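# Results of the structural survey
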Amino acid sequence: DLFLVDSDGGKADPLLLGEAYESNPVWSNDGTKLAYTSDLYGNFDIFIFDLKSRESTRLTFHSAKQVPWTFSPDDKFILFSATMDDAVKNVQFPYGMLTELYKVPVTGGRIIQCLTTSAENVQVSKDGSMMLYQDVKGYEDPWRKHHTSSVTRDIWIYNKALEKHTMLSTFEGEDRNPVFDNKEERMFFLSEQNGSFNVYEKALSAESPEKQLTSFDKHPVRFLSIASDNTLAFIYDGGLYT
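Within each chain, residue numbers correspond to sequence positions counted from 1 in written order. Confidence filtering applies because this is a predicted model: local features only for residues at pLDDT of at least 70, side-chain atom pairs given and counted only at 80 or more, and all residues used for totals across whole chains, interfaces and linings. Remark: hydrogens and water are excluded; side-chain values derive from all non-hydrogen atoms of the structure.

## Concerning the pattern of salt bridges
Think of a salt bridge as a Lys or Arg side-chain nitrogen and an Asp or Glu carboxyl oxygen that are within 4 Å of each other. Under the defined criterion, the tally for this structure stands at 10 salt bridges. Note that aspartate 50 is salt-bridged to lysine 33, the shortest N-O span being 4.0 Å. Taken together, the positions of aspartate 50 in strand β5 (residues 45-50) and lysine 33 in strand β4 (residues 33-38) put the pair 17 residues apart, joining distant regions of the chain. With a relative accessible area of 22%, aspartate 50 lands in the partly exposed category. With a 1.4 Å probe rolled over the protein chains alone, any residue whose accessible area is under 20% of its type maximum counts as buried; one over 50% counts as exposed, and the rest are partly exposed. Residue lysine 33 is classed as partly exposed on the basis of its relative accessible area, which comes to 28%. The salt bridge partner of arginine 144 is glutamate 140, with a shortest N-O separation of 3.2 Å. Classification of arginine 144 as partly exposed rests on a relative accessible area of 40%. Helix and strand labels come from DSSP, where a helix needs a run of H or I of at least four residues and a strand needs a run of E of at least two; each type is numbered from the N terminus.

## Observations regarding the side chain of threonine 60
You can see threonine 60 is positioned in the loop between β6 (55-58) and β7 (67-71). With a relative accessible area of 1%, threonine 60 lands in the buried category. Within the structure, the side chain of threonine 60 is placed 2.3 Å from the side chain of glutamine 66, a separation counted as a polar contact. Any two residues whose heavy atoms approach within 4.5 Å are treated as being in contact. With near-sequence residues (within four places) excluded, threonine 60 lies in contact with Asp45, Ile46, Gln66, Phe80, Val104 and Ile111. Residues adjacent in sequence count toward polar contacts only when both atoms are side-chain atoms; beyond that, a polar contact is any pair of N or O atoms within 3.5 Å, and within protein one must be able to donate a hydrogen and the other to accept it.

## Regarding the sheet that holds strand β14 (residues 164-167)
The rule for pairing is simple: two strands pair if DSSP sees at least two bridges between them. Reading across the sheet, the four strands line up as β11-β12-β13-β14 and stay open at both edges, with antiparallel pairing between neighbours. In this open sheet, the two strands that pair with only one neighbour each are β11 (119-124) and β14. Sheet twist, expressed as the average angle between the axes of neighbouring strands with direction ignored, equals 25°. Looking at chain direction, strand β13 (residues 155-159) and β14 are connected through four bridges and run antiparallel. In the strand pairing of β14, tryptophan 156 is matched with methionine 167. Only C-alpha atoms enter the line fits that serve as axes; for helices the fit covers just the stretch in contact. Angles between N-to-C directions range over 0 to 180 degrees.

## A short note on the nonpolar core
Working definition of a nonpolar core: buried Ala, Val, Leu, Ile, Met, Phe, Trp, Tyr and Cys residues. They are joined through side-chain atoms within 4.5 Å. Counting 12 residues, the largest nonpolar core is built from Val26, Ala35, Ile46, Ile48, Leu59, Phe71, Ile78, Phe80, Ala82, Tyr102, Val104 and Val106. Every element with two or more residues in this core is listed here: β5, β8 (77-82) and β9 (100-105). Ranked by residue count, the leading element in this core is β8, at three residues. Setting aside anything within four residues of it in sequence, one finds valine 106 in contact with Ile48, Leu59, Phe71, Asp75, Lys76, Phe77 and Ile78. Judged by nonpolar contacts, the second largest core, of 11 residues, contains Leu79, Leu115, Val124 and Met131.

In structure tokens form, the structure reads like this:
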């Protein structure tokens, strides 16, 4: 279910309570709406929730699972991942774990494919020219800890005009969940390079140094997000932190 709590803490108020499974809520840029996924009709579809009217609208109707990541800069579209229609020229083997990136209008309508490359936790720059994302190279349980192999996740930036993908992370283990800082000169992200998932920051190049911001050692940090004033929010050991 979905709840809302003040960023200073306090009582968490329910937004959606029911028999369906609702998850992966993401804010619109103007803060008036939430996109989320729900299995209300059997499979996981994209819905939009209006915080003023407290009404939800279903936007997608495909049988594949769809997971929202962000709104477009103008709040007219929701970007999401799903395994629906791989491109014949994609060099990646067509496999159920390797999703494509799509967008759907917030008013509903035709779905448009953005990338055939598997891209998760996508963040779009304010002018729409760049996208930060984590890749998916093959199957690995997303909750596995201390994992090092050829399919560990890396962080990339995509230049839309050049149609160019550039890898930003260099750690051989897991790097995940990138977000732009409010000047879009740096990124914050989660990495396991010091024993457990913690929050790091670095400039938007592979060569730039990385700075560790949190030092949790027993449990991993999960679900990183950012506000317009650079306040970071995340989950640790079952609690919500800023």
